[in-house]
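# Coordinate analysis (summary)
Here is what each chain is made of, one letter per residue.
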Amino acid sequence: MANFILIGLCILAGILFRKSKSLPKDAHKGINAWIIYIALPAVSFKYLPHITWSKDLLFPAFAPIGVWLLGWLFIALYSRTQNISKATAGGLKLTSSLSNTSFVGFPLILAYFSEKELAIAIICDQVTFMLLSTIGVIVAIRSSQDQKLSPKLVLKKVLTFPPLIGCVLALILPHFINLSSLDPLFEKLAGTVGPLALFSIGLQLKFGGWFSELKHIGFALLYKLILAPFAVLIVAILLNANGMIIKISIFEMAMPTLVSAGVVADQYNLNPKLSNLVVGIGILLSFITTGLWWLVLNYSGVV
């Protein structure tokens, strides 16, 4: 419950600061810069060096990839039938296909399961994070109305995206340098991602005119909160896979939108208003839907 209150307070604080006009109009851009350049790379250094890889972790590793691919197809078909702009379609792809596996996911794992299951959740989180850092950035570039797509531009943007650099360095450096003394620093920096990202969302969250975006919001959240975890559940049933690893993987895919996806959508001007509404409303609805998924996973007997 404390985690739910913290999430709500972070968003509410952003809304109140925006209404009070005590911060500059584009204050969220400075906050987003901190998240992209400092906090998200720290997340990689906090978790990646401590993961023990095994074949049992293939399911939680591939689940976010499957959700991303299906979500991309889902929104691509939707955007064609609704004739929406490239920027809006790009924002919907980012906000409907990437799960908030850490700031919302980790506390809910602790609340519904136990601390030892966090090791599984971390796999989902890091794969999701790498998807945002690579394919997510490519989708953002292609969808941006401000930038033309070229192989050189894509390569430059992806290779210079700070979170991806953080991922690569976090995988390589520990094999040559003992970074354990820096773990407290990485933990503190990584801890700023959730609160600041939600505060940034609050600064941009405007419910005026939200009704005109209701169809897009509903479609994105239908996939993110219901269809995505259901698809992973079906795959698990077809593979006759069961156990705690499978349950946690499905539960993590039932999380709301990755808040950093909203940050990237804003950075590339992919209908930021809609993207942030999907993130904000999705977090609120997920308090109900994740509880329902917990019941399904624990009492249905299907996994």
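Residues numbered from 1 in each chain as written. Predicted model: local features only at pLDDT ≥ 70, side-chain atom pairs only at ≥ 80, totals over all residues. Heavy atoms only, no water.

## Here's the deal with the environment of S114
Within the secondary structure layout, S114 lies in the loop between helix 5 (105–112) and helix 6 (118–143). Since its relative accessible area comes to 24%, S114 is described here as partly exposed. Measuring from C-alpha to C-alpha, the distance between S114 and L198 comes to 25 Å, with 84 residues separating the pair along the chain. A polar contact is formed between the side chain of S114 and the side chain of E117, at a distance of 2.4 Å. (Helix = DSSP H or I, 4+ residues; strand = E, 2+ residues; numbered from the N terminus. Buried < 20%, exposed > 50% of the residue type's maximum accessible area, 1.4 Å probe, protein only. Polar contact = N/O pair within 3.5 Å; in protein donor to acceptor, adjacent residues only side chain to side chain.)

## Observations regarding the side chain of S99
In this fold, S99 is placed in the loop between helix 4 (86–97) and helix 5. At 2.9 Å, the side chain of S99 forms a polar contact with the side chain of K224. With residues up to four places along the chain from it excluded, the contact list for S99 reads T128, K224, E252, M253, M255, P256, T257 and L258. (Contact = heavy atoms within 4.5 Å.)

## Re helix 10 (residues 193–204)
In a regular helix each residue adds 1.5 Å, so 12 residues correspond to 16 Å; helix 10 covers 17 Å between its end C-alpha atoms and thus fits that length. Counted residue by residue, helix 10 has 10 buried out of 12 residues, so it is predominantly covered. If you check which residues of helix 10 are buried, you get V193, G194, A197, L198, F199, S200, I201, G202, L203 and Q204. (Expected span 1.5 Å × (residues − 1).)

## Considering a nonpolar patch on the surface
Nonpolar side chains collect at one region of the surface, where W53, M130, V168, L171, I172, F176 and I177 lie side by side and expose about 680 Å² of accessible area between them. By residue number, the principal contributor to the nonpolar patch is helix 8 (residues 162–172), which donates three residues. Looking at the secondary structure, you find L171 in helix 8. (Patch = residues over 30% accessible without salt bridge, like charges linked within 9 Å, V, L, I, M, F, W, Y side chains within 5 Å. Areas by Shrake-Rupley, 256 points an atom, 1.4 Å probe, with all protein chains shown as cover. Salt bridge = Lys/Arg side-chain N within 4 Å of Asp/Glu carboxyl O.)

## Overview of the environment of D266
Within the secondary structure, D266 is located in helix 13 (residues 259–267). The buried category is assigned to D266, whose relative accessible area is 9%. Sequence separation between D266 and L233 is 33 residues; the distance between their C-alpha atoms is 32 Å. Among residues more than four places away in sequence, those in contact with D266 are H28, K29, N32, Q204 and P272.

## Remarks on the nonpolar core
Grouped together as the largest cluster of nonpolar side chains are 87 residues, with contacts concentrated most on L94, L98, L198, I250 and V264. A per-element tally of this core places helix 6 first, with 14 residues. Leave out the neighbours within four places in its chain, and L94 touches W68, G136, A140, T257, A261, V264, A265 and L270. Judged by nonpolar contacts, the second largest core, of 13 residues, contains I75, A89, L274 and V278. (Core = buried A, V, L, I, M, F, W, Y, C linked by side-chain atoms within 4.5 Å.)

## Structural notes on the side chain of H216
Relative to the helices and strands, H216 resides in helix 11 (residues 214–238). You can call H216 buried: its relative accessible area is 14%. At a separation of 2.7 Å, a polar atom in the side chain of H216 contacts the side chain of Y78. Residues contacting H216, with those up to four places away along its chain left out, are Y78, I84, T88, L92 and L274.

## Topic: the packing of helix 3 (residues 58–82) against helix 4
Contact geometry of helix 3 with helix 4 gives a least axis separation of 9 Å together with a crossing angle of 145°. Considering how the two elements wind past one another, helix 3 and helix 4 form a crossing that is right-handed. On helix 4, the residues that touch V67, W68, G71, W72, I75, A76, Y78 and S79 of helix 3 are A89, L92, K93, L94, S96 and S97. When its residues are assigned to classes, the contact of helix 3 with helix 4 shows nine nonpolar, four polar and one charged. (Axes fitted to C-alpha atoms, helices over the stretch in contact; angles between N-to-C directions. Left-handed = near helix turned anticlockwise from the far one by under 90°. Nonpolar A, V, L, I, M, F, W, Y, C, P; charged D, E, K, R; others polar.)

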